Amino acid sequence: MENPLPTTAPKLNLAGLSKKDYDGAPSTLCKGCGHNSISSQIVQVAFELSLRPHQVIKLSGIGCSSKSPAYFLGMSHGFNALHGRMPSVATGALLANHTLRAIGVSGDGDTGSIGLGQFKHLMRRNLRMVYIIENNGVYGLTKGQFSATAEEGLRLKYAGENPFPPVDLCLEALVAGCGFVARSFAGDAKQVRELLKAALSHRGTAVLDIISPCVTFNNEDDSPKSYGYGTKHEKPLHELGFIPPAEEIAIEPMQPGEYRLVELHDGSRIALRNLEADYDPTDKTVALRRLLEAQEKQEFITGLIYYNPHRPNLAEVEGLHTPLAHLSPEQLRPSPAALAAVLQDYA
Amino acid sequence: MSVLEHAQMAQPAIQSPIVNDFSLVVATANGTGSQTANLTLLRSFFKLGIPVHGKNIFPSNIQGMPTWYHIRVSHQGYVARKPSEILVAFNPATAQEDVAALPSGGVCLYHTEIKNLPQRSDLVYYPIPAGEFLAGMDIPVKRKPYLANMAYVGVLAWMLDLPLEVVAEALGAQFAQRAKLVESNLEVVRRAQAWAAQNLQKRDPYRLEPMNKTEGLILMTGNEAGALGAVFGGVSVAAWYPITPSTSFMDALKEFLARLRKDEQGHPTYAVVQAEDELAAAGIVMGAGWAGARALTATSGPGISLMAEFVSYGYYAEIPAVIWDIQRVGPSTGLPTRTSQGDLLFTYYLGHGDTKHPVLLPSSIEECFEFGWKAFDLAEELQTPVFVLSDLDLGMNNWMGRPFDYPNQPLQRGKVLSAQELEALGYFARYKDVDGDGIPYRTLPGTPHPMAAYFTRGSGHNEQAQYSERPEDWVRNMARLARKFETARKRMPPPVIQAHPQARIGLIAFGTTRYAIEEARDRLAERLPTSFLRLRALPIGPEVGEFVAAHERVYVIELNRDGQLCAILQNELPELASRLYPIAYLDGLPLTAQWVLEELLKREALQ
Ligand SMILES: Cc1ncc(C[n+]2csc(CCOP(=O)(O)OP(=O)(O)O)c2C)c(N)n1
Ligand code: SF4
Ligand SMILES: [Mg+2]
């Protein structure tokens, strides 16, 4: 049901909804958990962009992070799938109806270990969805074991010392062919929001690897995935601002070369004010080198690391037009004459 | 020894003619292209109007390993596997054992390049100098080995009285009327036949005579029939990971979809995805079913293992899905190119926690087609994963059948609420049993109504689909799912019963074992009359218990070691369990009527 446009109530967006309409059930996650702040940014962004809730689907795997779709967009269909298997469910759902907007939420365990295979193949297929990894370096839900993104040598009370090097999920996305690779920090609400908006406008899979501290198992200040560390060490590659399709550029005039406008698939743009000289997020080699460098130096870089809107998404590759879920009985079942013609070949 | 000397060796005298009743086996090496020649033979017999069936019995290697193609010709219409009286020996590696396997009075047609062919005085031998027939023909060297196989088609045409026009027709169908290919193949057949007519003397009793028993019938594999059925069931999303013997199901599906499913502007109205594994294939099917598209996957035993977690999920979250299991011999790789009925227990109960699933059990190409579309109606009506359990024998071999009936009912899309219906109801609870049949109502993502959304989860939930750990919510929900399964029981295709008025003994089976059983029953009609119930689905309906109750003893015949169906029936009919006896056997080959007959006589102490 489309609600009528607001006349007087200023707190309604273009969809006629208030911000509260984008809430979900109350969160059952720990107070202060990074995942909660990401949920609130999703609510804020959905409100600001006037998303129609019924056109959105929320998907997740299993984990504390994957529980969070229950805590935002209560008027959108949700699918809390199996551990590490959200990409395949999203693939099926969006093949059935490619006009839906999909927001997927996963964890570092869900994506980086049990689901790494599906994650990589999701990138290959370039399904049009936002894929958020709420990355805390541990398995929150199963009580604090190291995940595959935990730093080598990290010491935690419960898990002990981690002897293995981490998997960098942005690197994995990048080499698997993802055209929208971003890293952010749950403590940097504004950046999370702008990246989310841009991700929702992307043509294919948009990966947001958001460092999201687990206050219960991995939040000592010396741990790179803690609030304290993140706040102190975050190194944004750029400041960024999302500009919806119809809007004039509202950013302040700047010297040429100081900012870059990147056109997104649906006509919206993202303005990037470089903080790091000459970082070009449309150059894959640059992105790759920067990620490797950051890994080596243990730098916490954030921002839109790589952007390329040119690869068609899965629905485009499949040539889909009418959503398959909306086909009429006549479109679904060929005629008796068609059956007879096929059988003729086997007579 | 020259070819002609060989042909004139002392050989058994001619017996009285045996018309339209024999089995022949073509022994070749895998990858030599004998399939074309074999299918040409099969189609030729079929076009002559004689009931026929072909079985490819092959190892899992791609090239160089032995392959046996069995063709049974039976004027009575029997299609079960039967040891062959006629051998085409084209594989030197297996010639020794192939010749040894022939019964006395059998016929051996052999490639003259095979050295040390065993000589048996009780066989008729015909040489085939296959290379000679290609001499002077303008064909690429690469294609020569393929064409050489046509030589045995030619010699058999001479031996069996198979008219060349019929062979030409069969070749036309085989090569989709591509004239050049038809002509070059036919030329070899022609030369071989002419050579045989001139140089060989017929000494065997086997002959073909035209009949009219295949008029109006079709010849198709079960996988093709199932895929075609799925297309007429409106399949829109298919995901899979290659595995023998299900691969040809997906190949056929892709072909039929490309041919039959485009919209007015030429856009495909389907999507087929080769997934990264069966786990992903199952996930794609669940996602698509949840979002309102008819979705299927096809696999075999090992793939079913990987789908287990999603199938549990689908049962509990109530998502329609269709899963074809073309059974092969497992565990693990097992005998990947051999047939079995080993996944019945596994699929029926697949999953962790309390789970059980409707399982369709086709035995013929007609049933593959019918269950192909019906599976979607059942899955959507019942909102649950539905299995279709075929097997390698049915799926990969060519079977005769009646042209398929067009679906006799419109698509049954189940209880899906639209925005208007939600508005009228003013209330929506995803998992509430509104109608008392255990089946709740669902909504599809994208439904423009503020009440439409619900949260799908594998975790405990109440009627509103909210997270719940309350014991009474769990119990109520599981009781409703059990009630839904009782509804399923009433909607599954009923068994087919062939009752014999004097029978004290009943037989129960499912799938392709029926052919050996039906033939054995005919042969036992006097000595041991039996009634036969052929199950076409699980869960069983009331007919099964009534059938068991009406017989002193009931043998449950199946192609596995432990008697899986028998165990299920004993479990579901505890008061009748002592009447049920398994006859379970698996060696990778389809059952023969002889084996079934002897086993029954032994069990009944009549032998
Ligand atoms: C097949 C399977 N194996 C194991 C589990 C147990 N499990 C649940 S959540 C989880 C780890 C989640 O870690 P992560 O994705 O990082 O999420 P977080 O809780 O940290 O947000 C595990 C191992 C499961 N649910 N399913
Ligand atoms: S355990 Fe960690 S990840 Fe889970 S809810 Fe608590 S803080 Fe968040
Ligand atoms: Mg985690």
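Quick caveat: nothing in here was measured; it's all calculated off a predicted structure.

Peer 1: How do you make sense of the coordination of the magnesium ion (ligand 3) when you look at a structure like this?
Peer 2: Under perfect tetrahedral coordination by four donors, a metal shows angles of 109.5 degrees; under perfect octahedral coordination by six donors, it shows angles of 90 or 180 degrees. Residues and elements named next belong to chain A. Of the protein atoms, only Asp108 (OD), Asn136 (OD1) and Val138 (O) coordinate the magnesium ion (ligand 3), at distances of 2.1 Å. As a motif over one chain, the donors of the magnesium ion (ligand 3) read D-x27-N-x1-V. On the criterion of sequence distance, the pair formed by aspartate 108 in helix 4 (residues 108-114) and asparagine 136 in the loop between strand 4 (129-135) and strand 5 (138-139) is long-range, its members being 28 residues apart. The exposure classification of aspartate 108 matches that of asparagine 136, with both residues buried.

Peer 1: Looking at this structure, how should I read the sheet that holds strand 4 (residues 66-74) of chain B?
Peer 2: Picture the strands of a sheet paired through backbone hydrogen bonds; they go either parallel or antiparallel. All names here are of chain B. Sheet architecture is open: 6 strands sit in the order 3-4-2-5-6-7, paired in mixed fashion. The two strands at the open ends of the sheet, each matched to only one other strand, are strand 3 (52-57) and strand 7 (124-128). Recorded for the sheet is a direction-independent mean angle of 15° between the axes of neighbouring strands. By the bridge criterion, 5 bridges tie strand 6 (residues 107-111) to strand 7 in an arrangement that is parallel. Pairing of cysteine 108 across the sheet is with tyrosine 125, part of strand 7.

Peer 1: So what exactly am I meant to see when it comes to the interface of chain A and chain B here?
Peer 2: Quite often, the size of an interface is put as the accessible area lost when its parts meet. At the junction of the two partners, chain A supplies 52 residues and chain B supplies 74 residues. Summed over both partners, the interface of chain A with chain B comes to about 5200 Å²; 66% of that surface belongs to carbon and sulfur atoms. Inspection of the region where chain A meets chain B yields 2 salt bridges. One salt bridge in this structure joins A:Arg125 and B:Glu276, with 2.7 Å as the shortest N-O distance. Summed over the shared surface of chain A and chain B, the result is 18 residue pairs in polar contact (both at pLDDT 80 or more). Of all the secondary-structure elements, those providing two or more residues to the side of chain A that touches chain B are strand 1 (56-60), strand 2 (77-80), helix 3 (86-96), helix 5 (116-125), helix 11 (329-332) and helix 12 (336-344) of chain A. At 7 residues, the largest contribution of residues to the side of chain A that touches chain B is made by helix 3 of chain A. Looking at the side of chain A that touches chain B residue by residue, the class counts come to 28 nonpolar, 18 polar and 6 charged. Bridging between strand 2 of chain A and strand 18 (residues 455-457) of chain B involves 3 bridges; their strand directions are parallel.

Peer 1: Hey, could you run me through the site of ligand 1 in this one?
Peer 2: Around ligand 1 lies a shell of 18 residues, among which A:Cys64, A:Ser65, A:Gly109, A:Asp110 and A:Gly140 are the nearest. Looking at the residues close to ligand 1, they fall on chains A and B. Here an oxygen atom of ligand 1 sits 2.8 Å away from a polar atom, N or O, in the side chain of A:Asp108. At 2.8 Å, a backbone N or O of A:Gly109 approaches an oxygen atom of ligand 1.

Rules used throughout
Residues numbered from 1 in each chain as written. Chains lettered and ligands numbered in written order. Predicted model: local features only at pLDDT ≥ 70, side-chain atom pairs only at ≥ 80, totals over all residues. Heavy atoms only, no water. Donors = N, O, S within 2.8 Å, 3.2 Å for Na, K, Ca; no water. Helix = DSSP H or I, 4+ residues; strand = E, 2+ residues; numbered from the N terminus. Buried < 20%, exposed > 50% of the residue type's maximum accessible area, 1.4 Å probe, protein only. Pairing = 2+ DSSP bridges. Axes fitted to C-alpha atoms, helices over the stretch in contact; angles between N-to-C directions. Contact = heavy atoms within 4.5 Å. Buried area = accessible area lost by both parts, 1.4 Å probe. Salt bridge = Lys/Arg side-chain N within 4 Å of Asp/Glu carboxyl O. Polar contact = N/O pair within 3.5 Å; in protein donor to acceptor, adjacent residues only side chain to side chain. Nonpolar A, V, L, I, M, F, W, Y, C, P; charged D, E, K, R; others polar. Near = heavy atom within 4 Å.

Read these as layout, nothing more, since geometry by itself doesn't imply function.
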